[in-house]
Amino acid sequence: MSDEALYIHIPYCRSKCGYCDFCSSPDLSTVDSYVAELIRRVKAYKTDKVVKSVYFGGGTPTYIGAERLCEILRAVKENHALSDDCEVTAEANPGTVGLRGLETMRKAGFNRLSAGIQTANEKELKALGRVSHTVKDGETLVKNARNAGFENISLDLMYGIPGQTPGSLDESLDFVISLMPEHISAYALRLEENTPLYKQNPVLPDDDTVADMYAQINKKLKANGYERYEISNFAKPGYESRHNLRYWQGGDYTGIGVSAASLIANVRYCQRLRLSQTSDTVKART
Ligand code: SF4
């Protein structure tokens, strides 16, 4: 493939969710050295391929502040050829960025926002250990993103949550659909070893119920104009994520940042930063 997809990992989150085994930490003390190293690596990475998508994932990219994200994106643009229609996504979580920050990001070239809503049920948020935001914060984030000019918004939803029922899932689906995103990702909760939720040994919906929930999601989203284009992703026509599709189709991509994976000619690589205390701190806390 003669084009390129870049993934940039931001390993910071406002708080650690109970089920999370991603590389992220709430401690921002290393953030400036981490951003400096990311920028150094963006510049050091040489390719003559045209970049068709850039994806800032985490962690919670917006937790480090819009200015830092824009600085990294500026370095990407100055050192690589982005296609005119390049998809530039940032993951965001409720309560970590306001209207002004979103406007700054939009102006800098971010054109897609992927927000972690997960559920419209406060008890389920708590059961997941997502204690840093409320359902209302999610709604505010989406409204602010629209007002900032984002025309391509994706919302994450989870199912198989402790205490979740088909009825509460239906309410979450109604809530997410009412926010009119262009794209919805629905992920089944997986209990990862060594996470706080795993140690709590919660009662989860059984496998048949979870399978029924997946069918319920497919049916409701389809009825509301969202087509499933891979296992967990649904989109209005024309809003399939280019970056997701690259992963799904086994195309090459390059990851930059701690724990970021790359796939090059069917070989998967994972970056480990060897930068003073930055990577050590991040790794030690994940
Ligand atoms: S917001 Fe995402 S990356 Fe951050 S702690 Fe929660 S699940 Fe993990």
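Structure shown above.
Everything numeric in this text was worked out from a predicted model, so none of it was measured.

Draft legend 1. Representation of the packing of helix α6 (residues 166-178) against helix α8 (residues 207-223) within the structure. Contact pair α6 / α8: the axes reach a minimum separation of 11 Å and the direction vectors enclose 30°. Between α6 and α8, the angle falls in the class roughly parallel. Seen from above, α6 lies across α8 with right-handed handedness. Judged by residue contacts, P166, L169 and L173 of α6 engage D212, M213, Q216, I217 and K220 from α8. Taken together, the residues of the contact of α6 with α8 sort by class into five nonpolar, one polar and two charged.

Draft legend 2. Examining helix α2 (residues 66-79) more closely. With 14 residues, α2 should reach 20 Å at 1.5 Å per residue; the first-to-last C-alpha distance of 20 Å fits that figure. Among all positions in α2, only A66, R68, L69, I72, L73 and V76 are buried. For α2, the elements touching its buried residues are β1 (3-10), α1 (31-44), β2 (50-58), β3 (82-92) and α3 (99-108).

Draft legend 3. Fine view of the pairing of β3. Looking at chain direction, β2 and β3 are connected through five bridges and run parallel. Counterpart to V51 in the pairing with β3 is L82. Traced from β2 through α2 to β3, the parallel crossover comes out right-handed. Inspection of the sheet shows β3 paired to strand β4 (residues 112-118) by four bridges, in the parallel sense. Bridge pairing in β4 places A92 opposite A115.

Definitions and cut-offs
- Per-chain numbering applies: the sequence of each chain, read as written, is numbered from 1 onward.
- Per-residue local features of the predicted model are confined to residues with pLDDT of at least 70, and side-chain atom pairs are confined, for both listing and counting, to 80 or more; whole-chain, interface and lining totals are unaffected and use all residues.
- Angles shown run from 0 to 180 degrees and are taken between the N-to-C directions of axes, each axis being a line fitted to C-alpha atoms and, for helices, limited to the stretch in contact.
- The secondary structure listing takes helices from DSSP runs of H or I that are at least 4 residues long and strands from runs of E that are at least 2 residues long, numbered from the N terminus.
- Roughly parallel refers to an angle under 35 degrees, roughly antiparallel to one over 145, roughly perpendicular to one between 65 and 115, and oblique to any angle outside these ranges.
- Rotating anticlockwise by less than a right angle from the far helix to the near helix defines a left-handed crossing, while the corresponding clockwise rotation defines a right-handed one.
- The contact rule is simple: place each C-beta atom from the backbone, and if two of them lie within 7 Å, those residues are in contact.
- Residue classes follow a fixed rule: Ala, Val, Leu, Ile, Met, Phe, Trp, Tyr, Cys and Pro count as nonpolar, while Asp, Glu, Lys and Arg count as charged, and any other residue, Gly among them, counts as polar.
- Expected span, for any helix, means 1.5 Å times one less than how many residues it has.
- Whether a residue is buried, exposed or partly exposed follows from its count of other C-beta atoms within 10 Å of its own C-beta, namely 20 or more, 12 or fewer, or something in between, respectively; the C-beta atoms are built from the backbone.
- Strand pairing follows a simple DSSP-based rule, namely that at least 2 bridges must link the two strands.
- With its strands directed away from the observer, a crossover is right-handed exactly when the path from the first strand over the helix to the second travels clockwise.

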